[in-house]
Every structure is written in C-alpha cells, then in structure tokens.
Number of protein chains: 2
Amino acid sequence: MDNFLKKAAASARELNELSAKVKNAVLLEMAQALRDNTAKILQANSIDMKNADENNLTSALKDRLFLDESRVDGMAVAIEEISALKEPVGRVLDGWMTDDGLKIEKVSVPIGVIGIIYESRPNVTSDTAALCFKSANVCVLKGGKEAEASNVAIAEVLKEVLIKNSLSHEMISLLPDSSREGVAKLIKMDKYVDLIVPRGGEGLIRYVSENASVPVVKHDKGQCHTYIDKDANIDNAIRIAINAKCQRSGVCNAMETLLVDSAIAESLLPKIKSAFDAEGTELKGCDTTRKILNGLAHAGDTEFHTEYLANILNIRVVDGVSGAIDHIIEYGSGHSEAIISENITTAEKFLNAIDAAAVYVNASTRFTDGGAFGFGAEVGISTNKLHARGPMGIEGLTTYKFKIYGSGQSR
Amino acid sequence: MDNFLKKAAASARELNELSAKVKNAVLLEMAQALRDNTAKILQANSIDMKNADENNLTSALKDRLFLDESRVDGMAVAIEEISALKEPVGRVLDGWMTDDGLKIEKVSVPIGVIGIIYESRPNVTSDTAALCFKSANVCVLKGGKEAEASNVAIAEVLKEVLIKNSLSHEMISLLPDSSREGVAKLIKMDKYVDLIVPRGGEGLIRYVSENASVPVVKHDKGQCHTYIDKDANIDNAIRIAINAKCQRSGVCNAMETLLVDSAIAESLLPKIKSAFDAEGTELKGCDTTRKILNGLAHAGDTEFHTEYLANILNIRVVDGVSGAIDHIIEYGSGHSEAIISENITTAEKFLNAIDAAAVYVNASTRFTDGGAFGFGAEVGISTNKLHARGPMGIEGLTTYKFKIYGSGQSR
C-alpha cells in the first residue's frame with residue numbers, strides 16, 4: 001500500500017504539469033474508449049449482476065448496479081461534459097500588492113491525491129475519475145464489493161487511455177486492497193493522501209470520520225425540514241411540501257419532517273393530509289397533529305431523528321418560526337431547510353438562525369444539488385462545514401496556494 | 001464536559017444574532033477591562049513565573065510567558081484593532097439566479113464552536129478570544145499548563161464583560177478539564193465542536209490530527225527552503241538568504257536548508273559562507289558543499305528533515321531548478337519555498353511545481369505571515385491544504401452557507 005500510494009503521489013506531480021488542452025483530449029479519448037469497450041464492460045457487469053442474484057440484493061440495489069448499452073453511453077457523455085468544463089486549476093482567485101511591494105496571487109491548485117469510497121453505482125467510477133483528472137487530482141477509488149467486476153473493467157479502460165498517452169496509469173487507480181483493512185490503512189496515509197471523500201451509509205462515514213488522519217469531506221445524512229409559517233401562501237406551501245417529500249423520497253435532500261405553525265394548524269392540516277394521501281405517503285404526527293388528524297401513528301424523538309429515505313413523513317405543530325428553529329437545531333443535520341412564508345422578517349429570521357448548508361424560503365429542499373445550483377458536474381453534496389459545504393462542484397476538488405512575486409525583498 | 005460543550009454550542013446561536021455594532025462595543029469594553037485589571041493579571045502572571053523558575057523553564061520560554069504593564073496594554077491594543085476589522089460574517093461572497101429562477105446567495109457565516117489548543121504566550125488567550133468573538137464563534141481555549149494562572153485571570157476579565165452585557169459567559173471559555181484526557185475528549189466532540197486549531201509542538205499536533213473526529217486546522221512545521229538559481233541576482237540572493245535564516249531563526253517561516261545551483265556553486269559558496277559567518281550561523285553541508293567549503297559538518301537525510309528553529313543552516317548543491325524541486329518535494333513541509341532567479345521560465349517552473357502554501361520568487365520566506373500579507377490580525381499560519389492554507393486571517397474563522405430565495409419553486 002505504501003509503495004502504491006507513493007507512486008500515486010508521484011503521478012500527481014506529472015498530472016499537474018499537463019495543459020488543459022491535453023487533459024481535455026485525454027478525457028474525450030476516455031469517453032470514446034468506454035463506448036468502444038461496451039461489450040467488455042457489460043460482460044463484467046453481468047458477473048456482478050449474477051452475484052447480486054445469488055446474494056439476494058434488493059431490486060433497488062440491483063437497479064443501481066445494472067449497466068446496459070445506454071448506461072455505458074451515459075457514462076461516456078458525462079466524461080465529455082466534464083471535458084467541456086472550464087479549467088478549474090490555475091485560476092487567479094485573488095491578487096494584490098503588499099506594502100512591501102510584493103505581488104501576491106491566490107491561485108487555484110489541485111488537492112493532490114484523493115481517496116473516494118463509494119457504493120453500488122459503477123458510473124461513479126468513471127464520473128469521479130474524470131472529475132479528478134480534469135482537476136489534476138490523482139484518484140484512488142474504492143467502490144463497493146458488489147460492483148467489483150464492473151469497476152475493474154471501467155478502470156482498466158480508463159487506464160489504457162492513460163498508458164496510450166504515455167501517462168502514469170497510477171493517476172486513476174482502484175485501491176489495491178479493497179478490504180476493510182485496506183480502507184483502514186488508506187485513511188491513515190496522510191503522508192500521501194490529501195483528502196478522503198466517503199459516500200455511502202452512515203456507518204461507513206462515521207467510521208471514516210472517527211479514524212481518518214487524512215481530512216474528510218463527508219456526504220452523509222440529510223434530515224431536512226420544511227416549516228409552513230402562518231403567513232405562507234397556502235397553495236405554494238402544499239405544492240412545495242409534496243415536492244420536497246414525494247418527488248423522490250430516497251434522496252438526501254428530501255424532507256423528513258414537516259413543521260406547521262400552530263396558528264394555522266387546525267385549518268391547514270386536513271388539506272395537507274388529503275394532499276399527501278393522494279401521494280400514498282405514510283404520515284406520522286406529534287400529539288397536537290394527532291388531535292387534529294385522526295388515525296396517525298405517533299411521531300416523537302425517535303421519528304424526528306430518522307432519515308426515512310422513503311415515502312413516510314413526520315408532521316409536528318410548532319409555535320411559530322421560533323418553534324421551528326428550535327426543532328431544526330435539535331434534529332436537523334445541517335443539510336437543507338426551508339421556510340414557507342410571505343413575511344420577509346420571519347423568513348430572514350429563519351434563514352439567519354438555521355445553520356445548514358442550504359436554507360430556503362418558498363422553495364423545495366430538493367433543489368440542493370449541483371445541477372440545480374448551476375455547477376455542472378457534481379462531486380457530491382457535502383455535509384462538512386469546512387472546505388466545501390453543500391453542493392460541491394469541481395472547484396471543490398481544488399485548493400489554493402499563494403504565488404508571491406518579489407524583486408529582492410527581505411524583512 | 002458534555003454539558004459544558006452543549007451550553008457553549010447554545011451560546012454560539014446567541015452570539016450569531018449580535019450586530020457588528022454590539023460586538024465591536026463589547027470588544028472595546030474588553031480592551032478597557034484588560035487595562036483596568038492589569039494589577040490582577042500581573043499578580044496571576046507572577047504565580048506562573050514563580051512556577052517557571054521552580055520548574056527550570058528556559059529563558060526563552062520564560063520570556064514568552066512574562067507579562068508586564070506594557071504587554072497587557074499590547075493585548076488591549078490588539079483587541080481594539082480586532083474590533084476595527086471589517087465585519088467578517090454576513091458578507092455575500094457570491095450570488096446568482098438559477099435556471100429555475102431561484103436567487104442563490106453564498107454568505108459568510110461563523111464556524112460555530114472552535115477549540116484552540118496552544119502554549120506559553122498568555123496574549124494568545126485574549127487575541128484568540130477577540131478574533132473568535134468578532135467572527136461570532138464561541139471559543140474553547142486550552143492554554144499551556146505553564147500559563148494557567150495568567151490565562152484564568154485574562155479569561156475572567158473577558159467573561160466579566162460578557163456578563164455585564166447580559167451575554168452568556170460560555171462564549172469565551174477555558175476548557176474545564178485541561179488535562180491530556182480533557183483534550184482527548186474535546187477533539188472527539190464533533191456533536192458540539194466544529195473546528196480544532198492546535199498550535200504547538202509537533203507531538204501535540206500529530207496527536208490531535210490522528211485522534212480528532214472534529215476537523216483540524218494545523219499550524220505546524222515549517223521546513224522552508226531557498227533555492228539560488230544560476231540566473232540569480234547574486235546580491236539579492238545573499239541578502240534574501242541571510243534574511244530568511246537570520247532575521248528571526250526560531251519561527252516557522254525561517255529557512256532551514258539553502259539549495260545552490262551546481263552551475264554557480266564554486267563561485268557562490270565562498271561568498272555565502274562569509275555572509276553567514278558574519279551572522280554567526282552554524283553551517284552544515286552536503287558532500288559537494290564540503291568539497292568547496294572546508295570544515296563544515298555533514299548535512300544528510302536527517303539534517304534535511306530537521307526544523308532547527310535556530311541559527312543553523314544546511315547547504316546542498318543541486319542540479320538546477322529540477323534538482324531543487326526534487327529536494328523540496330522530498331523534504332519540504334508545504335509551508336514556504338523560494339527561488340532566487342531572474343529567469344522567468346525557471347521561476348514559473350518552480351512556482352508551479354512546488355506544492356506549498358506560499359511560493360516565492362526573489363523574496364524572503366519570512367514574508368509568510370498575516371501582517372506582511374496585509375490580512376490584519378492573524379489566527380495563525382495553516383499547514384492544512386484545505387479550508388485555510390498559509391496565513392489565516394479572520395476570514396479563516398468563517399465558513400459559508402447558501403441562502404436561497406424562491407417564489408414557490410418545486411422540481
């Protein structure tokens with residue numbers, strides 16, 4: 001592992017010397033190589049699918065794992081889009097002259113070697129490799145065991161393009177030891193690895209955060225809320241609430257708990273219920289909610305902490321915006337939080353008090369994503385507070401250094 | 001500890017609601033309170049100084065620890081300067097309209113609760129407390145045992161000002177359990193603590209990095225180099241080298257190893273030697289250097305890895321800029337690196353290839369500091385690659401969130 005990572009770190013310097021033109025041409029070749037090797041990739045994928053059957057994976061997991069010609073083409077298209085992105089490194093982010101006459105430029109640079117730990121979807125392998133290559137970072141990829149054959153095939157295709165271009169194949173690597181022990185080693189290798197991005201279950205992310213000496217950008221839990229204020233436009237409120245829960249309930253920016261202002265609970269809750277009933281949503285309620293709406297299961301501390309990732313919703317009646325803020329401080333995960341209100345003072349109070357990556361007024365939390373934000377390709381949605389917060393575009397794969405131009409200055 | 005940090009986190013929300021006007025007025029009161037309580041602070045400091053004598057601390061350490069009237073006044077002045085800084089939170093860093101008609105504002109916000117671990121100098125207590133308060137962060141301070149009485153006295157004075165203004169005294173706190181176990185607990189408390197800033201010896205920083213689950217911004221080793229290229233202006237080169245080593249040798253941005261282009265080694269090294277001899281610098285050399293200059297001790301792998309923090313310098317002859325880059329990649333700590341050359345192509349090659357917080361052409365590495373960069377107050381010099389890199393001004397104590405203004409949008 002030590003030797004492998006040492007080589008990876010060395011190839012980072014080689015990668016950093018490539019011009020944008022060269023990098024973009026290599027990326028286009030990679031896209032074409034994926035298309036040319038579709039048969040090979042699909043054959044590897046069929047091994048994973050067979051194992052998935054034998055291991056009784058859920059149909060949702062199998063769907064994430066499955067590749068066909070059009071999905072491989074989609075991977076190629078994604079790489080072409082990444083190739084077309086603006087060059088992310090070498091941008092002058094700031095610049096000034098100091099009192100001593102030094103010219104300082106703050107310039108974007110690659111992070112170096114990035115370890116990425118993920119699950120299921122084989123397209124993450126090619127997407128991530130391309131995003132890292134474009135931003136001149138070496139990636140060390142650790143995909144899920146269930147997608148191993150597919151990931152190996154995809155990585156081989158990309159590596160062949162590197163070799164054909166006389167570049168070190170270590171620029172894009174799968175972690176050689178993909179066991180739990182391999183991961184344990186990787187996250188301690190701060191001598192060679194500059195960043196770990198874990199994407200996956202809570203357990204994995206907790207493990208990585210607690211044990212890594214390498215810095216970590218997490219992509220974890222979204223315990224998102226929508227608060228409907230007494231001054232809300234009710235049509236907007238219901239439509240946004242339905243969208244936040246039901247448009248796609250299995251994702252991190254979907255709503256888990258709806259907070260309703262006590263001042264309008266009596267009149268609003270029946271409308272809310274019939275709207276969600278039409279979507280087949282399973283509703284749970286706090287005591288006040290259950291007095292107004294009959295037959296709901298109880299929602300308490302445990303439910304308010306649960307990220308359902310399913311068509312299930314908690315409803316809680318709170319005392320105005322302060323009650324909503326208190327609830328979110330207690331139960332929110334700092335991902336995405338929304339208030340529905342026409343009152344600007346109430347809205348700003350909420351936006352300022354809530355400490356989350358994305359805070360919304362009069363819009364659905366489902367907009368927290370790189371595409372909707374206009375970032376183009378997305379590395380993920382960071383739940384870190386530092387480095388990258390919220391939707392993370394390719395800039396999230398860069399850091400900066402100061403270039404200082406003197407003419408003989410000493411102190 | 002749990003309960004203490006929970007209260008600290010709660011006071012972060014209270015602090016975040018204060019206007020800049022209120023914060024600045026409180027800071028000015030703190031400055032005055034330090035002046036008014038000079039006798040009390042000096043009395044506490046005399047206890048620390050007595051213990052320092054009994055424990056045979058070095059005179060350098062004792063000088064760092066020592067306070068007198070003028071040093072207390074200096075602490076007050078520092079707080080007044082921090083009060084006068086531009087408001088760091090609530091700045092709109094970026095903003096745009098999305099395709100869906102959402103207005104997105106990227107706004108600077110406090111980080112939350114920051115744990116700061118430091119040594120010796122009692123003025124760090126008041127400086128850090130003021131920087132955190134100005135940026136609406138709660139600080140949990142863990143100073144060195146040797147400065148305990150002084151730190152307690154200073155913190156009490158600041159806390160009294162908070163209480164007088166009806167603010168929670170938890171906004172500025174000393175870690176209640178200042179033992180090793182207390183620190184071990186603090187760095188795992190990611191539920192309440194958002195950032196740890198360790199400032200001190202390598203051992204401490206290593207321990208914190210390896211064991212923290214809270215994100216860490218390190219301020220550690222500066223293994224800095226100056227490379228004199230064959231195309232250097234020799235007068236500049238010698239002056240800058242002397243400055244980088246001798247102006248203040250005990251600091252992280254001082255040079256530890258001088259690299260000399262083999263093409264000019266024969267003619268340059270004797271001049272270098274006589275310049276450093278005049279400064280009383282102890283020189284060590286690689287084999288080539290020792291052939292040209294007689295009587296130097298040997299510098300090899302161990303010396304190249306050593307941060308002397310003293311008037312001792314390694315000299316190594318390298319093959320041009322590529323040799324210098326190779327040496328720095330092997331031995332540099334990513335802090336500050338300089339090339340002395342009039343050749344723009346050589347200089348840019350060096351600036352681009354070296355992965356350090358600050359890379360210089362024709363200037364001394366001693367400029368890597370917040371004051372010289374024009375940042376005003378300095379939190380420290382980060383050797384992190386992420387979040388804050390290099391000199392860290394008060395902006396380094398902020399992060400951002402996205403405020404999103406909709407008019408009923410759903411997806």
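Reading the values: rules and limits
Residues numbered from 1 in each chain as written. Chains lettered and ligands numbered in written order. Predicted model: local features only at pLDDT ≥ 70, side-chain atom pairs only at ≥ 80, totals over all residues. Helix = DSSP H or I, 4+ residues; strand = E, 2+ residues; numbered from the N terminus. Rg over C-alpha atoms; globule rule 2.2 N^0.38 Å. Buried ≥ 20, exposed ≤ 12 C-beta atoms within 10 Å, placed from the backbone. Pairing = 2+ DSSP bridges. Least-squares fit on C-alpha atoms with pLDDT ≥ 70 in both. Expected span 1.5 Å × (residues − 1). Arc of directions from axis to C-beta. Contact = placed C-beta atoms within 7 Å. Nonpolar A, V, L, I, M, F, W, Y, C, P; charged D, E, K, R; others polar. Core = buried A, V, L, I, M, F, W, Y, C linked by C-beta atoms within 7 Å. Domains from an automatic or database assignment. Axes fitted to C-alpha atoms, helices over the stretch in contact; angles between N-to-C directions. pLDDT = per-residue confidence, 0-100. Parallel < 35°, antiparallel > 145°, perpendicular 65-115°, else oblique. Left-handed = near helix turned anticlockwise from the far one by under 90°.

**Section: the overall build of chain A**
Next, step 1: On a plain count of helices and strands, chain A comes out with 16 helices and 16 strands.
Next, step 2: For a compact globule of 411 residues, the expected C-alpha radius of gyration is about 22 Å, and chain A comes in at 24 Å, within 12% of that figure.
Next, step 3: Counting only C-alpha atoms and orienting by the principal axes, one finds that chain A spans roughly 70 × 70 × 35 Å.
Next, step 4: Split into buried and exposed, the 411 residues of chain A put 51% on the buried side.

**Focus on the pairing of strand β6 (residues 195–198) of chain A**
All names here are of chain A.
Next, step 1: Alternating positions in β6 separate into two faces, L195 and V197 on one and I196 and P198 on the other, with burial throughout.
Next, step 2: Examined bridge by bridge, strand β3 (residues 113–117) and β6 share four bridges and lie parallel to one another. By the bridge assignment, I117 is partnered in β6 with P198.

**Overview of the relation of the copies chain A and chain B**
Next, step 1: Rotating chain A by 180 degrees about the axis while translating it 0.0 Å along that axis superimposes it on chain B, leaving an RMSD of 0.0 Å. Both chain copies can therefore be described as sitting about a two-fold axis. Relative to the rotation axis, the closest C-alpha in chain A is found at H387(A), a distance of 2.2 Å.

**Focus: helix α3 (residues 38–54) of chain A**
Residues and elements named next belong to chain A.
Next, step 1: Its 17 residues give α3 an end-to-end C-alpha distance of 24 Å, which sits within 8% of 24 Å, the value for a rise of 1.5 Å per residue.
Next, step 2: Every buried residue belonging to α3 is among I41, A44, N45, D48, M49 and A52, and all of these are buried. One side of α3 holds all its buried residues, which, seen down the axis, span an arc of 150 degrees. Facing away from the buried surface of α3 by more than 90 degrees, the exposed residues are A39, K50, D53 and E54.
Next, step 3: Summarising the contacts, the buried residues of α3 are in contact with α4 (59–65), α5 (69–83) and α7 (148–164).

**Some details on the interface of chain A and chain B**
Next, step 1: The partner chain B presents 56 residues to the 56 residues of chain A that form the contact.
Next, step 2: Among the secondary structure elements, those contributing two or more residues to the side of chain A that touches chain B are α9 (202–211), α10 (234–246), α15 (344–353), β13 (358–363), α16 (370–373) and β16 (398–409) of chain A.
Next, step 3: Ranked by residues supplied to the side of chain A that touches chain B, first place goes to β16(A) with 11 residues.
Next, step 4: Taken together, the residues of the side of chain A that touches chain B break down into 24 nonpolar, 19 polar and 13 charged.
Next, step 5: Pairing of β16(A) with strand β13 (residues 358–363) of chain B, which is carried by five bridges, proceeds in the parallel orientation. Each residue of the ladder has a partner; that of Q409(A), found in β13(B), is A363(B).

**Considering unusual backbone geometry**
Next, step 1: Residue N362(A) is not a glycine yet carries a positive backbone phi of 55 degrees.
Next, step 2: Residue position: N362(A) is located in strand β13.
Next, step 3: Judged by local crowding, N362(A) falls into the buried class, with 22 C-beta atoms found within 10 Å.
Next, step 4: Positioned with a positive phi, L309(B) is a non-glycine residue whose angle comes to about 50 degrees.
Next, step 5: Residue placement: L309(B) occurs in the loop between α13 (301–304) and β11 (312–318).

**Notes on the nonpolar core**
Buried together is how nonpolar side chains tend to be arranged in soluble globular proteins.
Next, step 1: If you look at the biggest cluster of nonpolar residues, it comprises 74 residues, and the most contacted ones within it are M30(B), V113(B), I114(B), C139(B), L158(B), V193(B) and I196(B).
Next, step 2: No other element matches helix α7 (residues 148–164) of chain B, which puts seven residues into this core.
Next, step 3: For C139(B), the contacting residues outside a window of four places in its chain are I114(B), I116(B), T128(B), A129(B), C132(B) and I172(B).
Next, step 4: Counting 72 residues, the second-largest nonpolar core is a separate cluster that includes V124(A), M189(A), Y192(A) and A212(A).

**A few points about α7(A)**
Residue and element names in this part refer to chain A.
Next, step 1: For α7, spanning 17 residues, the distance from its first C-alpha to its last is 24 Å, which sits close to the expected 24 Å at 1.5 Å a residue.
Next, step 2: Taken as a whole, α7 has its buried residues at S150, N151, A153, I154, A155, V157, L158, K159, V161 and L162.
Next, step 3: The elements touched by buried residues of α7 are α2 (20–36), α3, α6 (123–134), β4 (138–142) and β5 (172–174).
Next, step 4: Residue S166 follows α7 closely and has a positive phi angle near 60 degrees.

**Observations concerning the domain arrangement of chain A**
Residue and element names in this part refer to chain A.
Next, step 1: What the domain assignment reports for chain A is domain 1 (2–220 + 385–405) and domain 2 (224–372).
Next, step 2: The centre of domain 1, based on its C-alpha atoms, is set 35 Å off from the matching centre of domain 2.
Next, step 3: Contacts between the two partners involve five residues from domain 1 and, on the opposite side, five residues from domain 2.
Next, step 4: In terms of residue class, the side of domain 1 that touches domain 2 is built from two nonpolar, two polar and one charged.

**Regarding the sheet that holds strand β9 (residues 282–285) of chain B**
Note: strands within a sheet are paired through backbone hydrogen bonds, in either parallel or antiparallel orientation.
Next, step 1: Ordered in space as β1(A)-β2(A)-β16(A)-β13(B)-β12(B)-β7(B)-β8(B)-β11(B)-β9(B)-β10(B), the 10 strands form an open sheet in which the pairing is mixed. Only two strands of the sheet have a single neighbouring strand rather than two, namely β1 (92–97) of chain A together with β10 (297–298) of chain B.
Next, step 2: The pairing of strand β12 (residues 336–340) of chain B with β13(B) spans four bridges and is classified as parallel. Paired with S336(B) across the strands is A358(B), a residue of β13(B).
Next, step 3: Across the sheet, helix α15 (residues 344–353) of chain B is in contact with β16 of chain A together with β7 (224–228), β12 and β13 of chain B; its angle to β13(B) comes to roughly 160 degrees.

**Considerations on the environment of L15(A)**
All names here are of chain A.
Next, step 1: Of note, L15 is situated in helix α1 (residues 2–16).
Next, step 2: Assessed through the 23 C-beta atoms surrounding it within 10 Å, L15 is described here as buried.
Next, step 3: Between the C-alpha atoms of L15 and A254, which are 239 residues apart in sequence, the distance is 38 Å.

**Description of the sheet that holds strand β16 (residues 398–409) of chain B**
Next, step 1: Across the sheet, 10 strands lie side by side as β10(A)-β9(A)-β11(A)-β8(A)-β7(A)-β12(A)-β13(A)-β16(B)-β2(B)-β1(B); this open sheet has mixed pairing. Each edge of the open sheet carries a strand with a single partner, namely β10 (297–298) of chain A together with β1 (92–97) of chain B.
Next, step 2: Sheet analysis places strand β7 (residues 224–228) of chain A next to strand β12 (residues 336–340) of chain A, joined by four bridges and oriented parallel. Within β12(A), the position partnered with T226(A) by the bridge is A338(A).
Next, step 3: Running at roughly 150 degrees to strand β8 (residues 255–261) of chain A, helix α11 (residues 265–278) of chain A makes contact with β7, β8, β9 (282–285) and β11 (312–318) of chain A of the sheet.

**A look at the confidence of the model for chain A**
Next, step 1: Residues with a pLDDT of 70 or more make up 100% of chain A, whose mean pLDDT is 95.
Next, step 2: What the predictor reports for the complex is a pTM of 0.92 with an ipTM of 0.93.

**Examining the packing of helix α6 (residues 123–134) of chain B against α7(B)**
Axes are the key here: two packed helices are described by the angle between their axes and the distance separating the axes.
Residue and element names in this part refer to chain B.
Next, step 1: Running from amino to carboxyl end, α6 crosses α7 at an angle of 30 degrees, the nearest separation of the two axes being 9 Å. On the basis of the axis angle, α6 is roughly parallel to α7. Crossing geometry of α6 relative to α7 is assigned as right-handed. Across the interface between the two elements, T125, S126 and A129 of α6 pack against N151, I154, A155 and L158 of α7.
Next, step 2: Taken together, the residues that form the contact of α6 with α7 break down as four nonpolar, three polar and no charged.

**Focus on the environment of N294(B)**
All names here are of chain B.
Next, step 1: Position of N294 among the secondary structure elements: in the loop between α12 (287–292) and β10.
Next, step 2: A residue is classified by how many C-beta atoms lie within 10 Å of it, and N294, with 8 of them, is exposed.
Next, step 3: Between the C-alpha atoms of N294 and P88, which are 206 residues apart in sequence, the distance is 55 Å.

**Let's talk about the packing of α2(A) against α6(A)**
Residues and elements named next belong to chain A.
Next, step 1: Remark: α2 packs on α6, axes separated minimally by 10 Å, with the N-to-C direction vectors making an angle of 165 degrees. Comparing the axis directions of α2 and α6 gives the class roughly antiparallel. When you trace α2 past α6, the crossing you get is right-handed. Residue-level contacts link K23, L27, M30 and L34 of α2 to S126, A130, F133 and K134 of α6.
Next, step 2: Here the contact of α2 with α6 is built from residues that sort into five nonpolar, one polar and two charged.

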